[in-house]
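Notes for the structure review
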Amino acid sequence: MMQPIGVFDSGVGGLSVLKALRQALPQEKFVYVSDAGHAPYGERDVTHVLARSVAVGNYLVQSHQVKALVVACNTATAAAIAALRAAYPALPIVGVEPALKPAAARSRTSAVGVLATRSTLASDKFQALLQAQSPQVRFVLQACDGLAAAIECADAPQIHALCARYAAALGPVGSAPGAIDTVVLGCTHYTFAADVLQDLLGPDVALIDAGHPVAQRTANLLAHATAVQPAHTDAAAWVELWTTGETQTLGGAAKRWLVGTGLARHVEIA
Ligand code: DGL
């Protein structure tokens, strides 16, 4: 039997990671779960995010026998990756966290903006990551309340308004000394607002997300795993999309961003 790779997020954001996974692992089959029925995660308390992440992880392992799990959500990774690894010690599990280190390495002005959910920025995991960075680099943290929700429902005016507010809140941006020249997209939803943010921040600011590093890490882990991994032959069947919310939301986003894959099914995950 061909075992798929499980990928989940609170909503459509993880499709940005799925896209990178598909490029890195074109032979693999994926099962994607959007937990939109219980989202957004980023402004909820950590016990909710932990319980939901474990429930979705259990569903992917028990109902789809996944051979690896990608937590395609910064908020869920911060809240739940330790619990998921404890529950499934033999399963390769990859999480996503704001790409502070690559951003710091890229910045010429030594000033980096970080856009993420309130919950991610408040987490112990993020605070530890921040402490591990070079003290020479100034990090400006900005919680983006409402932005993931606006992206989820493709509300273009609201996406623009919130991006404008949060981009302005970062302070001076650009290549001048002391200005922020690198911005971390620390929520997987924000990749889908990258064009809007780039327009607002200007051409001298680089945006960094973690889709490709996560995909590469997953590929490396699978290359070392012993499970047999036959290639799937049916190109149309490379992904199954499941949502605890509205099927049109996930299907529509997948159609826009994954090209030709618009069929999503509903599932209740208790
Ligand atoms: N996409 C999720 C993340 O990466 C969060 C979105 C939400 O708030 O539900 O953090």
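**Description of the overall build of the chain**
- A count of helices and strands for the chain gives 11 helices and 10 strands.
- Over its C-alpha atoms the chain spans a radius of gyration of 18 Å, differing by no more than 12% from the 18 Å that the globule rule assigns to 270 residues.
- Along the longest, intermediate and shortest principal axes, the C-alpha atoms of the chain span 55 × 40 × 35 Å.
- Roughly 11700 Å² of accessible area belongs to the chain as shown, and the carbon and sulfur atoms make up 55% of that amount.
- Here the chain contributes 18 positively and 19 negatively charged side chains, and the mean placements of these two sets differ by 5 Å.

**Thoughts on the packing of helix α8 (residues 156-169) against helix α9 (residues 194-201)**
- It is the contact of α8 with α9, at a shortest axis distance of 10 Å, that shows an interaxial angle of 45°. Here α8 lies oblique to α9, going by the angle between them. Seen along the crossing, α8 lies across α9 with a hand that is right-handed. Mapping the contact onto sequence places I159, H160, C163, A164 and A167 in α8 and V196, L197, L200 and L201 in α9.

**What about the pairing of strand β9 (residues 239-243)?**
- In terms of residue burial, β9 counts as a mostly covered element, since 5 of its 5 residues are buried.
- Across 5 bridges, strand β2 (residues 30-34) lies against β9 in parallel orientation. Looking at β9, one finds that V33 is bridged to W242.
- Here 3 bridges tie β9 to strand β10 (residues 264-266), and the two strands are oriented parallel to one another. The partner of W242 across the bridge, within β10, is R265.

**Overview of the layout of surface pockets**
- The computed volume of the largest pocket comes to approximately 390 Å³.
- In terms of lining residues, the largest pocket is bounded by 20 residues, among which G95, V96, E97, P98 and V214 are the most central.
- Listing elements by their share of the lining of the largest pocket, those giving two or more residues are α3 (74-87), β4 (93-94), α4 (100-106), α6 (124-131) and α10 (211-224).
- Classifying every residue of the lining of the largest pocket gives 12 nonpolar, 3 polar and 5 charged.

**What to know about unusual backbone geometry**
- Residue P40 is bonded to the preceding A39 through a cis peptide linkage, with omega at -10°.
- With respect to the secondary-structure elements, P40 resides in the loop between β2 and α2 (46-64).
- Its identity is not glycine, yet Q65 carries a phi of approximately 50°, on the positive side.
- Structurally, Q65 can be placed in the loop between α2 and β3 (68-71).
- Among the residues examined, Q65 registers a relative accessible area of 37% and is labelled partly exposed.
- Located in the positive-phi region is S110, a residue other than glycine, with phi close to 55°.
- When you line up the elements, S110 lands in the loop between α4 and β5 (111-116).
- S110 sits in the partly exposed class, given a relative accessible area of 30%.

Calculation criteria
Residues numbered from 1 in each chain as written. Predicted model: local features only at pLDDT ≥ 70, side-chain atom pairs only at ≥ 80, totals over all residues. Heavy atoms only, no water. Helix = DSSP H or I, 4+ residues; strand = E, 2+ residues; numbered from the N terminus. Rg over C-alpha atoms; globule rule 2.2 N^0.38 Å. Areas by Shrake-Rupley, 256 points an atom, 1.4 Å probe, with all protein chains shown as cover. Lys, Arg positive; Asp, Glu negative; His and termini not counted. Charge placed at Lys NZ, Arg CZ, Asp CG, Glu CD. Axes fitted to C-alpha atoms, helices over the stretch in contact; angles between N-to-C directions. Parallel < 35°, antiparallel > 145°, perpendicular 65-115°, else oblique. Left-handed = near helix turned anticlockwise from the far one by under 90°. Contact = heavy atoms within 4.5 Å. Buried < 20%, exposed > 50% of the residue type's maximum accessible area, 1.4 Å probe, protein only. Pairing = 2+ DSSP bridges. 1 Å grid on protein atoms, 1.4 Å probe; cavity = no way out; pocket = protein on both sides within 12 Å on 5 of 7 lines; lining within 4 Å. Points joined across faces, edges and corners; volume = space filled by probe spheres on them. Nonpolar A, V, L, I, M, F, W, Y, C, P; charged D, E, K, R; others polar.

What is shown is where atoms sit, not what they do.
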